[in-house]
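# Examining the three-dimensional arrangement
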Amino acid sequence: MKFTCLSKGSGFHFPPCHMLNFCGIRILFDCPLDLSGLMAFSPIPTSLDALLFEESNNNEKRHKIEDLLDAKSLIFAEPWYKTVNNLHLWNASLIDVILISSPMGIMGLPFLTRRKGLSAKIYVTEASARLGQLMMEDLVSMHAEFRQFYGPEESNFPPWLRQEELEILPSVLKDILLGKDGVESGGWTPMYSAADVKDCILKIDTVNYAQEVCYNGTLVIKAFSCGVEIGSCNWILDGPKGDIAYLSSSCFFSAHTMTFDYRSLQGTSSLIYSDFSSLSDAQDIEDGDNNSDPTSDTLLPLSFQDMDESSLNSDENLEEKEKLVFICSCAIECVKDGGSVLIPINRLGTILQLLEEMTTSLEASAMEVPIYIISSVAEELLALLNIIPEWLCKQRQERLFAGEPLFAHVKLQKEKKIHVVPNIHSHQLLMNWQEPCIVFCPHWSLRIGPVVHLLRRWCGDPKSLLILEDIVNPELALLPFKPVAMKVLQCLFPSGIGLQKVQPLLKTLQPKTVMFPEDLRLKTSFSCEKSFSVSYYTEAEPLKVSCQKDSSELKIAADLASQFYWKTFKKEGINVTRLKGNLLMENGRHHLLLDNNKKTSESNSSLVRCGLADYNKLLPALSEMGINASIEIVKDDVESQNVCLVHTKEPYKALIEIGNTSTVITTADANVASILYKAIDNILDGV
């Protein structure tokens, strides 16, 4: 088995991407899109911005000033999108299977499906496929504003990727375009179309949790909930040579989606650990004063089975609740002062919880403040949430059985406390608009979508509030809107396994081999008593790992099994039978069927000999046939093992070489060889 990490990603919005060669089948895990690359581009300019840029662009004496970064440093052009750079090194036609683990992991798939030669089977959970489709359609819709402003592309190679243009860019922007090692320019590609998205979805095979699908009769594939987002999953691959669990970013507590089904991943031959979210936890530990041993018993339980599941989730539940309450309290204070709140968060679960908490806080403070949700797919997305109870957590499902709506937005829309509109210029929004207000809208990059127009409206208002996700460079994100007088609240929403839970989780899952990120090696120290071996992987470096089952199951037809006649070899401690049938592979399992061909011959009834000749028995057998022989023990330098040479002199001259794996008769006369073969045949066991 060969495993290659193509990209370790950078959190929730850009999940990792891997390639696995298992049982001769090439499997791609996820095809994400790095939307943080949008920060290198300017949003749609205002008339003043466009004039300033045109003046600076016409200046032939424009030179690079020592890392000067301002709004005019950004790229004024239709954005391209950054895909996984290492994926471009692979021939798409050689990929056999694509497994998508989350709605974010599907965002770059249209770039792959529009390539010529791709014939891979694509498996996605039904919920992830639908949510991913809506997210891709929304991205295409938001990007259309750039095309309307800049017009069609003049060439297939953008001017901003030319070497002379790159040289005058500040280092921050150059790192985004080329990567820190300067080799990531190949990952940029123009935006896909709505037709590409539709064609991509048509090529997908959807699955449910725990549903078995079989690829090529050899590989059985199953998805299990990972608890991060609706439809997100981990994978188990079961093949003739072993079984592999693929562990993506997972979350033990979820207030909206089905919880992490880690028990279904137990006992596999190998486990690919692909949750890099612990890196942020590790950074928090380094930045703080916590000098505790990360493997001490005070921090880590022996196993999850020793803990009550409610206590396992209580910390995460409490922390998440406190964070939502704090965000809402800040929003309420802002509205009380007469400011508006802008929330460009793209996490569906977080939006749903914020909506519920926000309306509860408003009711408690006896305030009537309009809440707007602005997105081209918002109405369809909220309608979808009402018909997918099987993908939700038990608490949400219980609401359904109690006759209550799954989410609070249903009641809020009926009471007209929230307004769902497709775009910033819609007639419905213009007729109902009032400030102060609270607005949910895309996009967290602050470069495309309704957030650009609203941020320009409120960025100079010190009473207003912008609630940001924990993005890589907030200063760069806000660059086009400076000076920014409005308050900015940056929130970290974890979406993965905490560092302190990595070791007890793996101890509970009990795989034989774990493929673990090298980046987490120094952060997670595995105990000496661990029951599994660990192989560390790094980005773009292939890793070979042995993956073998202890035993394989063989299904045998009853009419064939009834014909078995067992022979016991006491020395080897095995039972052997001879049979004739058809061996085939179906749904990842071996099947042995009766051969309907009734041909009979002497050769079919003759015994098949097993084992190696014992020279202590061979000499008496040759003597009975009137053949004199002598023994010589020599050491084979090539094989580093003892070889027995039996020399026959009278009446036949020949050499019998008995090794550890074979017996060879050497003689000039075929009749002599036949006689000696019979002597050896007589001393061997037969079946």
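Above this text sits the structure in question.
So, here is what we can say about the structure in this document. (Residues numbered from 1 in each chain as written. Predicted model: local features only at pLDDT ≥ 70, side-chain atom pairs only at ≥ 80, totals over all residues. Heavy atoms only, no water.)

## A short note on unusual backbone geometry
The omega torsion across glutamate 435 and proline 436 is 5°, close enough to zero to call that bond cis. Relative to the helices and strands, proline 436 resides in the loop between α13 (427-432) and β18 (438-440). Note the cis peptide between lysine 482 and proline 483, where omega equals 0°. Position of proline 483 among the secondary structure elements: in the loop between α15 (474-477) and β20 (487-491). Although it is not a glycine, cysteine 23 sits at a positive phi angle of roughly 55°. For cysteine 23, a relative accessible area of 24% translates into the label partly exposed. For lysine 416, which is not glycine, the phi dihedral falls at a positive 60°. If you trace the backbone, lysine 416 turns up in the loop between α12 (409-414) and β17 (418-421). (Helix = DSSP H or I, 4+ residues; strand = E, 2+ residues; numbered from the N terminus. Buried < 20%, exposed > 50% of the residue type's maximum accessible area, 1.4 Å probe, protein only.)

## A word on the packing of helix α19 (residues 615-624) against helix α20 (residues 670-683)
At their nearest, the axes of α19 and α20 sit 9 Å apart, and the two run at 130° to each other. Relative to α20, α19 is oriented oblique. At the point where α19 passes α20, the crossing takes the right-handed sense. Contact residues: Lys617, Leu618, Ala621 and Leu622 in α19; Leu676, Ala679, Ile680 and Ile683 in α20. (Axes fitted to C-alpha atoms, helices over the stretch in contact; angles between N-to-C directions. Parallel < 35°, antiparallel > 145°, perpendicular 65-115°, else oblique. Left-handed = near helix turned anticlockwise from the far one by under 90°. Contact = heavy atoms within 4.5 Å.)

## Considerations on the side chain of serine 445
Structurally, serine 445 can be placed in the loop between β18 and α14 (450-458). The class for serine 445 is buried, based on a relative accessible area of 0%. Among the polar contacts made by the side chain of serine 445, one reaches the side chain of histidine 443 at a distance of 2.9 Å. Ignoring sequence-local partners within four residues, the contact set of serine 445 consists of Leu35, Leu38, Met39 and Ala477. (Polar contact = N/O pair within 3.5 Å; in protein donor to acceptor, adjacent residues only side chain to side chain.)

## Some thoughts on the sheet that holds strand β3 (residues 25-29)
If you walk across this open sheet you meet the 7 strands as β9-β7-β6-β3-β2-β1-β23, and the pairing is mixed. Edge positions in the sheet fall to β9 (204-207) and β23 (543-544), since each has one partner strand and no second. Where strand β7 (residues 121-125) lies against β9, 4 bridges are found, and the strand directions are parallel. In the sheet register, tyrosine 123 faces β9, and the bridge partner there is aspartate 205. (Pairing = 2+ DSSP bridges.)

## Some details on the pairing of strand β31 (residues 641-648)
Sheet topology note: the β31/strand β32 (residues 654-658) ladder contains 5 bridges and is antiparallel. Counterpart to threonine 648 in the pairing with β32 is alanine 654. Joining the antiparallel neighbours β31 and β32 is a turn of 5 residues.

## Concerning helix α3 (residues 126-150)
Taking 1.5 Å as the rise per residue, α3 with 25 residues should run 36 Å; its terminal C-alpha atoms sit 37 Å apart, in good agreement. Two residues or fewer after α3 comes glycine 151, characterised by a positive phi angle close to 80°. (Expected span 1.5 Å × (residues − 1).)

## Side note on helix α5 (residues 171-178)
The α-helix advances 3.6 residues per turn, and as a result positions three or four apart in sequence lie on the same side. Regarding α5, the residues found buried are Leu173, Ile176, Leu177 and Leu178. After α5 finishes, the residue glycine 179 shows a positive phi value of roughly 80°.

## A closer look at the sheet that holds strand β22 (residues 533-537)
With mixed pairing, 7 strands are arranged side by side in an open sheet as β10-β11-β12-β13-β14-β21-β22. One side of each edge strand has no neighbouring strand; the edge strands of this open sheet are β10 (213-215) and β22. For this sheet, the mean angle separating the axes of adjacent strands, direction not counted, is 20°. Where β10 and strand β11 (residues 219-225) come together, 3 bridges link them in antiparallel fashion. Each bridged residue has a counterpart across the sheet, and for valine 213 the counterpart in β11 is isoleucine 221.

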